[in-house]
Amino acid sequence: MTNFNFLFLYLKKLNVHINKKEFIIQYESHPAYPSLLAVSDTLNFFNIENGAIHVEAAEISALPSVFMTKLKDVSNDTLAFVETKKNGNSYTIYANSKKQHISKSTLLSQWKGMVFLIENNVGKAYKKQQFTLIHILMISCFFSLLLLFRETISTLPYFILWFLSIFGFGFSLLALQNIFNFDSSLKDVVCKSNHEFSGCDAVLHSSEKSSILSDVSIVFFSYQFISFLIATYTNTFEAYFFIQKLALFAALPILVFSIYYQVIKIKKRCRICIAISAIILSELAIILSFQEDISFQQIPFFQYNFHVFIFLFLLVGWHFLKNTLRSNKEMKVTIVHANRFKRNYTVFRNTLISTPKVALPQTCLTFGNPNAKIILDFITNPYCGFCKKPTEFLRKLLKKHKKDIAIRFIYNVNFNNREETSKQFLNQLIYIHKDSGGEAFFEALDFWYHTKDEQKWLEMYPYNFDSEEMKNMLQSQRLWCIENKFTFTPAIFINGHSFPKPYKIEELIYFIDDLIEDTTILKKAEVEKLIE
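Structural notes, computed from the coordinates.

Rules used in this analysis
Residue positions are given per chain, counting from 1 as you read along its sequence in written order. Reporting of local features is limited, given that this is a predicted model, to residues whose pLDDT is at least 70; pairs of side-chain atoms are given and counted only at 80 or more, and all residues count toward the totals for whole chains, interfaces and linings. Here the side-chain values reflect all heavy atoms present in the structure, with hydrogen atoms and water set aside. Helix and strand definitions here come from DSSP, where helices need a minimum of 4 consecutive H or I residues and strands a minimum of 2 consecutive E residues; each element is numbered from the N-terminal end. Note on classification: 1.4 Å probe, protein chains only; a residue is buried when its accessible area is under 20% of the maximum for its type, exposed when over 50%, partly exposed between these limits. Any two residues whose heavy atoms approach within 4.5 Å at even a single point are treated as in contact. Residue burial considers only the protein chains on display, and all accessible areas are found by Shrake-Rupley using a 1.4 Å probe. One requirement defines pairing of two strands: DSSP has to find at least two bridges between them. For helices, the fitted line uses only the C-alpha atoms of the stretch in contact; every axis is such a line through C-alpha atoms, and the angle between N-to-C directions lies from 0 to 180 degrees. Nonpolar side chains (Val, Leu, Ile, Met, Phe, Trp, Tyr) are joined into patches within 5 Å and like charges within 9 Å, using only residues with over 30% relative accessible area and no salt bridge. When a carboxyl oxygen of Asp or Glu lies within 4 Å of a side-chain nitrogen of Lys or Arg, that pair is called a salt bridge. Working definition: a ring pair exists when centres of Phe, Tyr or Trp rings (six-membered ring for Trp) sit within 6.5 Å. Plane angles under 30 degrees give stacked, over 60 give edge-to-face, the rest tilted.

## With respect to the overall build of the protein chain
Looking only at helices and strands, the protein chain features 21 helices and 11 strands. Going through the 532 residues of the protein chain one by one, you find that 44% of them count as buried. Long-range contacts, defined as pairs at least 24 residues apart, comprise 76% of the intrachain contacts of the protein chain with a sequence gap of at least 6. When the accessible area of the protein chain is evaluated, it comes to approximately 28,300 Å², of which 58% is carbon and sulfur surface.

## Concerning the sheet that holds strand 2 (residues 66-71)
The antiparallel open sheet is built from 6 strands, whose spatial order is 1-6-2-3-4-5. Lying at the two open borders of the sheet, with one neighbouring strand each, are strand 1 (50-54) and strand 5 (98-103). Taken pair by pair, the neighbouring strands of this sheet meet at an average axis angle of 30°, ignoring direction. Two elements, strand 2 and strand 6 (residues 111-118), share 3 bridges in a ladder whose sense is antiparallel. The residue of strand 6 that forms the bridge with Leu71 is Trp111. Packing of helix 3 (residues 36-45) onto the sheet brings it into contact with strand 1 and strand 6, and relative to strand 6 it is tilted by some 20°.

## Description of a nonpolar patch on the surface
A cluster of nonpolar side chains, Ile212, Phe257, Ile259, Tyr260, Val263 and Ile264, forms an exposed patch at the surface whose accessible area comes to about 530 Å². It is helix 11 (residues 237-265) that provides the largest number of residues to the nonpolar patch, a total of 5 residues. With respect to the helices and strands, the residue Tyr260 is situated in helix 11. Since its relative accessible area comes to 41%, Tyr260 is described here as partly exposed.

## What about unusual backbone geometry?
Residue Pro34 is bonded to the preceding Tyr33 through a cis peptide linkage, with omega at -5°. Despite not being glycine, Asn15 shows a phi value in the positive range, around 60°. Here Asn15 lies in the loop between helix 1 (5-13) and helix 2 (20-28). Positive phi outside glycine occurs at Lys485, with the angle close to 60°. For Lys485, the location among the structural elements is in the loop between helix 19 (468-483) and strand 10 (491-494). For Lys485, a relative accessible area of 69% corresponds to the exposed category.

## Thoughts on the packing of aromatic side chains
Inspection of the entire model under this criterion finds 52 aromatic pairs. For the ring pair Phe220 and Tyr223, a centre distance of 6.1 Å and an interplane angle of 50° mean the geometry is tilted. Of this pair, Phe220 and Tyr223 both sit in helix 10 (residues 212-234), separated by 3 residues, roughly a single helical turn. On the accessibility criterion, Tyr223 (3% relative accessible area) is buried. A ring pair is formed by Phe367 and Phe441, whose centres lie 5.3 Å apart and whose planes are at 40°; its orientation type is tilted. Of the two residues, Phe367 sits in strand 7 (residues 366-368) while Phe441 sits in helix 17 (residues 438-451), which places them 74 residues apart along the sequence. The pair formed by Phe367 and Phe441 is uniform in burial state, with each residue classed as buried. Taken together, Phe8, Phe23, Phe45, Phe46, Phe348, Phe499, Tyr503, Tyr510 and Phe511 form an aromatic cluster joined through their ring pairs.

Keep in mind these values describe shape, not function.
In structure tokens:
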């Protein structure tokens, strides 16, 4: 599954909003990419409940009003998004980059039985991206642009030429979408056709020669826009239009080559290329229709030189920018492939169990299911600033898998050298877990990370507990860390094995389900033999 427009539409219908770019990165990094499993796991990564089920054709009416499914006339790797109309007897199908309305009988004839559902839980929905400063700046920039050209574009031919240069720049961006590495449904709308000779990608990406029009066009329309701005404030429109006429005539051979390449060489038609060619021809026709006849000598040499400089400067700039964008894209692909390998469970598991098992100290800070097969020992320190995020991550992990995992906190704190206020804080923090449970402990720990002030914390959670047992536990944990040379925090162990160094603790999210289901992972009873 590579077209996510319909998946994002499905999420939008459910009022669930996610970061699309982050979703695609996580999906492409999944070891099972490209598959429905990768889609499902990526949604789980965003805490969006989902699942694939088998539904008989007779049970279609029991399905939610929106869902995704595989249909017979849809390519095997693509899910169709189905939206039920109010009458319940007709459907809107989004598949193969198109939208169509079909009856229930037609849907039944195409039914394959596999349905992919996403939980409609608004409480878990991500907040839709709000209006940010960058949006305000972009709108302000647009209106400032209009004010800059307000007098010039009040003349109809000038306005049309100004508008066409912007329109041409937009089509050039679409043609170079692969280089700029952005997704746009507009390209699908423009290029999609049932005609066998239609295919923008086939033309734009078939060879280096085929991209000459898109490369020259983005430079040319940028040059037009900048030179138009300069002409506006220097009142040199006579020179501007004459030089533009020359430039447009010079572009005609490139247009001829583009048409020849599409019609003769690869026998494919690129609608974006045709649109760019049409804009250039339209500009030439407009300039020829209203510009007065002037000779080449009437334009100062400085104007020719200045326009050539602008164009060559943009051309060289585009050369370096394009290479940079390509390098960034190649780097992204490399990172995605590396992550796909790194997030393979077998690789992670083999790396994990290759580390020696260690005998971990006793602790009373145990969360989750104490009889779980998977035990995560977390060496931490409340005074460690780097431990906050891993603690928050483990708490989220615990909420999702509290029946399947146990998390044990081991404190690497030099208790004997702490001041009295610090000792009271540590004692009281542990007592909260013993007296009120795990959730109260995490709330108290959150308050500590928020304040980082022992006095304020003790005012919130007054000291009323003192235990030699707790002190001895903290001292023994500290001694264990020194003897085993674990002088840093945070650190984590999975069933006695040190968490692999190439991985971040947060990456455990990609493997926890497989760890829970893995019957060959070290059993809890075996781990307990290692714990002193």
